[in-house]
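# Remarks on the overall topology
For reference, the chains in residue letters:
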Amino acid sequence: MAKDPVCGMQVSESTQFKSEHVGQTFHFCSQGCKSNFDKGPMKYMGGRDMGMGHHWPTPFIFSPRPNENS
Ligand SMILES: [Zn+2]
């Protein structure tokens, strides 16, 4: 499962609604969420708040945790 970065829903990675951004693939529950993401991906990347007025509870991370025991 993947997380829809727009609405926060869990979505199947086999969904037809997906976008690639900065080398990552994002999955969406609907065309509407995909469109919102495509219009302003940075709003959903866990970066600066661009007037959204709220923050996502968890950082938007798809990659595995970095190795802490180097
Ligand atoms: Zn959604």
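Residues numbered from 1 in each chain as written. Predicted model: local features only at pLDDT ≥ 70, side-chain atom pairs only at ≥ 80, totals over all residues.

## Things to note about the overall build of the protein
Tallying secondary structure elements over the protein gives 1 helix and 4 strands in all. Reading the protein from its N terminus to its C terminus gives the helix and strand order β-β-β-β-α. The buried share of the protein, reckoned over its 70 residues, is 16%. If you take every contact in the protein between residues at least 6 apart in sequence, the share linking residues at least 24 apart comes to 23%. (Helix = DSSP H or I, 4+ residues; strand = E, 2+ residues; numbered from the N terminus. Buried ≥ 20, exposed ≤ 12 C-beta atoms within 10 Å, placed from the backbone. Contact = placed C-beta atoms within 7 Å.)

## Some words on the pairing of strand β4 (residues 24-27)
Note that strand β3 (residues 18-21) and β4 share 4 bridges and pair antiparallel. Across the sheet, residue His 21 finds its bridge partner in β4, namely Gln 24. Hairpin remark: β3 followed by β4, antiparallel, with 2 residues in the connecting loop; positive phi at Val 22, about 40°. (Pairing = 2+ DSSP bridges.)

## A closer look at the nonpolar core
Residues Val 6, Val 11, Phe 26, Phe 28, Cys 33, Phe 37 and Tyr 44 constitute the largest nonpolar core, which totals 7 residues. Those residues in contact with Phe 26 that sit more than four places away from it in its chain are Pro 5, Lys 18, Ser 19, His 21 and Phe 37. (Core = buried A, V, L, I, M, F, W, Y, C linked by C-beta atoms within 7 Å.)

## Brief notes about unusual backbone geometry
Backbone geometry places Val 22, a non-glycine residue, at a positive phi of 40°. Topologically, Val 22 is positioned in the loop between β3 and β4.

## With respect to the environment of Cys 7
Within the secondary structure, Cys 7 sits in the loop between β1 (2-3) and β2 (10-11). It is 9.5 Å that separates the C-alpha atoms of Cys 7 and Tyr 44, two residues lying 37 residues apart in sequence. Excluding anything up to four places from it in sequence, Cys 7 contacts Cys 29 and Cys 33.

## With respect to helix α1 (residues 31-39)
Structural remark: α-helix, 3.6 residues per turn; residues separated by three or four positions point the same way. Among the residues of α1, Cys 33, Lys 34 and Phe 37 are the ones counted as buried. Viewed along the axis of α1, the buried residues span an arc of 100°, placing them on a single side of the element. Turned more than 90 degrees away from the buried face of α1 sit Gln 31, Gly 32, Asp 38 and Lys 39, all of them exposed. (Arc of directions from axis to C-beta.)

## Description of the environment of Gly 8
Assignment of secondary structure puts Gly 8 in the loop between β1 and β2. Gly 8 gets classed as partly exposed once you count the C-beta atoms within 10 Å, which come to 13. Through-space distance from the C-alpha of Gly 8 to that of Phe 28 is 9.0 Å; in sequence the pair is 20 residues apart.

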